[in-house]
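# Descriptive analysis of the structure
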Amino acid sequence: MQRPPPPVAQATRCFFKLKPESKFRNPSEPQAQALEAIRGTSDSGIVILPCGAGKTAVFLQAALEAGNRVLFLNFEKQGVMQVADAIREHTNVSPTQLCAYSSECKTQPNTLLCYMVTTYSMFSTTSNRSGDTARVRQFVTTTPWDLVVLDECHHAAAETYMPLIKILVQNSRRVLGFTGTLCRGVAMAGADEQLRNETNAKEFAFIGRVLYSRTPAELEAAGLIAKVRRTEVSVRMTPHFEAAHERVSGSLKQYLQALNPDKLNAVWMLVNLHRSMQHVGMIFCNHLLPAKALQGFLGERWGLLSGGNAYGTEGTHTAQ
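Now for a description of the structure that goes with this document. (Residues numbered from 1 in each chain as written. Predicted model: local features only at pLDDT ≥ 70, side-chain atom pairs only at ≥ 80, totals over all residues. Heavy atoms only, no water.)

Before going further, it helps to examine the packing of helix 8 (residues 239-247) against helix 9 (residues 251-259). Helix-helix packing is described using two parameters, namely the angle between the two axes and the distance between the axes. The N-to-C vectors of helix 8 and helix 9 enclose an angle of 165 degrees; their axes lie 9 Å apart at closest approach. Taken together, the axes of helix 8 and helix 9 are roughly antiparallel relative to one another. The chirality of how helix 8 crosses helix 9 is left-handed. Contact residues: helix 8 offers F241, A244, H245 and E246, while helix 9 offers K253, L256, Q257 and L259. Looking at the contact of helix 8 with helix 9 residue by residue, the classes come out as four nonpolar, two polar and two charged. (Axes fitted to C-alpha atoms, helices over the stretch in contact; angles between N-to-C directions. Helix = DSSP H or I, 4+ residues; strand = E, 2+ residues; numbered from the N terminus. Parallel < 35°, antiparallel > 145°, perpendicular 65-115°, else oblique. Left-handed = near helix turned anticlockwise from the far one by under 90°. Contact = heavy atoms within 4.5 Å. Nonpolar A, V, L, I, M, F, W, Y, C, P; charged D, E, K, R; others polar.)

Written out as structure tokens, the structure reads:
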């Protein structure tokens, strides 16, 4: 007598959907291809998409298709706010079902229907945690998540984060990592983008294989992201700064390099060049001190963004 086939596992009923007016309903070519790769397997894995290609749209759609309990891990508090805002804007997830958990915001998670957004560092260790945070960590590490999304997953291989990620990989139905470049160090900084991704994929095998990958060059050539043009402008130090630079060490050298008057003048000229073309811009600094100096130098129209207290300076410039 022939045995009947085994019962097919019933798919999870997903209560959360994209809003009708969401722009995420119209994915771009690389977004659609990434989603197709994700749907083509039930394996955990990694999606590599360059900045500007819309990773948020991809992992949010993947989350909505995965189930009703999804954990999003971000590297910084800014990422928590951005992902939580995207969930509010584009989905029907209600405030009681969305948990944004960081050092500045501690919403209690819903144990039944929960989209939880937090950072890698928030629950990576058990030391120096309040009783409430310890209880939430227990929830995070024991919940059978339908999906865990690792944003900027090139950080997941850090020694402090990996134990938490391995627990989540074991307890969850699926883990998907998203990054622009699957590379933590700078050892291969001069190598081809594709070669770096292939080489570093081995380091992230504990998450899964690379499910989909596109390089910036490919998307630039296809006209799907803006072309990146990089120009290096070299300036000499003024005599006073050069003399001071020779006499100090450590971080003081970095401050003098960053605050060299000729360098500030070069930045001023570049800013005004682009302002004349009605461009908007962003300036990245290696420390809050030169950032504040540049803000005062360039004028009030320049906002200042910082992750909070930076090397002892006052903490008025928050992540938000």
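Another point: the environment of D262. Within the secondary structure, D262 sits in helix 10 (residues 261-276). In the structure, D262 is positioned 28 residues away from S234 in sequence and 9.9 Å away in space, judged by C-alpha atoms.

Under the criterion given, the structure shown has seven aromatic pairs. Ring geometry for F59 versus F72: centroids 6.0 Å apart, planes at 50 degrees, classification tilted. Here F72 lies in strand 2 (residues 69-74) and F59 lies in helix 2 (residues 55-66), a separation of 13 residues in the sequence. By relative accessible area, which is 2% here, F59 ends up buried. A residue is classified by how much of its surface remains accessible, and F72, at 1% relative accessible area, is buried. A network of ring pairs unites the aromatic residues F16, F59, F72, Y115 and F178 as a single cluster. (Phe/Tyr/Trp six-rings, centres within 6.5 Å; stacked < 30°, edge-to-face > 60°. Buried < 20%, exposed > 50% of the residue type's maximum accessible area, 1.4 Å probe, protein only.)

What follows concerns the packing of helix 1 (residues 29-39) against helix 2. At a minimum axis separation of 10 Å, helix 1 and helix 2 run at an interaxial angle of 35 degrees. Handedness of the crossing formed by helix 1 with helix 2: right-handed. Contacts from Q31, A34, L35, I38 and R39 of helix 1 reach helix 2 at A57, V58, Q61, A62 and E65. Looking at the contact of helix 1 with helix 2 residue by residue, the classes come out as six nonpolar, two polar and two charged.

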